[in-house]
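Reading the structure
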Amino acid sequence: MLLRKIYSSGSEGSSFKKVCKKCTVDTIKTYVRNVKRLYKLTHDDSEVALNSKLLNDSLLKKLKEKPLNVRRHLSIAAVKFAKAIKAKESIIDRFSEQMVSDANKYKENRKK
């Protein structure tokens, strides 16, 4: 399972640690847990098998249905996961742009 490899190869969360050098072990555990949540949004399987195919348009649609605070945490986990598995930059950009645009819309609405 790819997630187990990312999470436990060598030191705990070594792939995430390469992406997020200042992250604590608890932060990495949170990212791993949120990546599992992302998987469960689009799959009914009990076995979590993760790869770059997870980060697709159907996941973005499911994320848009969630409240902003949940969406923000899951989007950050998606970006960190994409960097950890060395996904294409376009995937990372899509999730990053979505997260930033949603946060900006919320801030604009709050100021009115």
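Heads up: the structure comes first, above all this text.
For clarity, every value in this text was computed on a predicted model and none was experimentally measured.

This part covers the overall build of the protein chain. A tally of helices and strands in the protein chain yields 6 helices and 0 strands. Counting every position in the protein chain, which comprises 112 residues, the buried fraction comes to 35%. Restricting the contact set of the protein chain to residue pairs at least 6 apart, pairs at least 24 apart contribute 57%. As displayed, the protein chain has an accessible area near 7,300 Å², and 49% of this comes from carbon and sulfur atoms.

What follows covers unusual backbone geometry. Positive phi is not limited to glycine here, since Lys 86 has a value of about 60 degrees. Tracing the chain through its elements places Lys 86 in the loop between α5 (68–84) and α6 (89–111).

Before going further, it helps to examine the nonpolar core. Within the largest apolar cluster, 25 residues are counted, with the highest numbers of intra-cluster contacts made by Phe 16, Leu 38, Leu 54, Leu 55 and Phe 95. For this core, the secondary-structure elements that each account for two or more residues are α3 (25–42), α4 (57–64), α5 and α6.

Here we come to the environment of Val 79. Here Val 79 lies in helix α5. Separated by 13 residues in the primary sequence, Val 79 and Ile 92 have C-alpha atoms spaced 5.5 Å apart. Contacts of Val 79, omitting those with residues within four sequence positions, involve Ile 92, Phe 95 and Ser 96.

Opposite charge on two side chains lets them pair, provided their charged atoms get close. Applying the stated criterion to the full structure yields 2 salt bridges. Here Asp 57 and Arg 94 are joined by a salt bridge, their closest N and O atoms 3.4 Å apart. Note that Asp 57 is positioned in helix α4 and Arg 94 in helix α6, a separation of 37 residues in sequence. Here Asp 102 makes a salt bridge to Arg 71, at a shortest N to O gap of 3.4 Å. Of the two residues, Asp 102 is situated in helix α6 and Arg 71 in helix α5; the sequence distance between them amounts to 31 residues. Neither Asp 102 nor Arg 71 differs from the other in exposure class; each is buried.

Turning our attention to α6. Here α6 is 23 residues long and its end C-alpha atoms lie 33 Å apart, about the 33 Å a rise of 1.5 Å per residue gives. When we look at burial in α6, the residues that qualify are Ile 91, Ile 92, Phe 95, Gln 98, Met 99 and Asp 102. Tucked into the core, α6 has its buried residues touching α4 and α5.

Now for the packing of α5 against α6. Running from N to C, α5 and α6 cross one another at 160 degrees; their axes reach a closest spacing of 9 Å. Here α6 runs roughly antiparallel to α5, going by the angle between their axes. The way α5 lies across α6 gives a crossing that is left-handed. Contacts from Leu 68, Arg 71, Arg 72, Ser 75, Ile 76, Ala 78, Val 79, Ala 82 and Lys 83 of α5 reach α6 at Ile 92, Phe 95, Ser 96, Met 99, Asp 102, Ala 103 and Tyr 106. Of the residues assigned to the contact of α5 with α6, the class counts are 10 nonpolar, 2 polar and 4 charged.

What counts and what doesn't
- Residues numbered from 1 in each chain as written.
- Predicted model: local features only at pLDDT ≥ 70, side-chain atom pairs only at ≥ 80, totals over all residues.
- Heavy atoms only, no water.
- Helix = DSSP H or I, 4+ residues; strand = E, 2+ residues; numbered from the N terminus.
- Buried < 20%, exposed > 50% of the residue type's maximum accessible area, 1.4 Å probe, protein only.
- Contact = heavy atoms within 4.5 Å.
- Areas by Shrake-Rupley, 256 points an atom, 1.4 Å probe, with all protein chains shown as cover.
- Core = buried A, V, L, I, M, F, W, Y, C linked by side-chain atoms within 4.5 Å.
- Salt bridge = Lys/Arg side-chain N within 4 Å of Asp/Glu carboxyl O.
- Expected span 1.5 Å × (residues − 1).
- Axes fitted to C-alpha atoms, helices over the stretch in contact; angles between N-to-C directions.
- Parallel < 35°, antiparallel > 145°, perpendicular 65-115°, else oblique.
- Left-handed = near helix turned anticlockwise from the far one by under 90°.
- Nonpolar A, V, L, I, M, F, W, Y, C, P; charged D, E, K, R; others polar.

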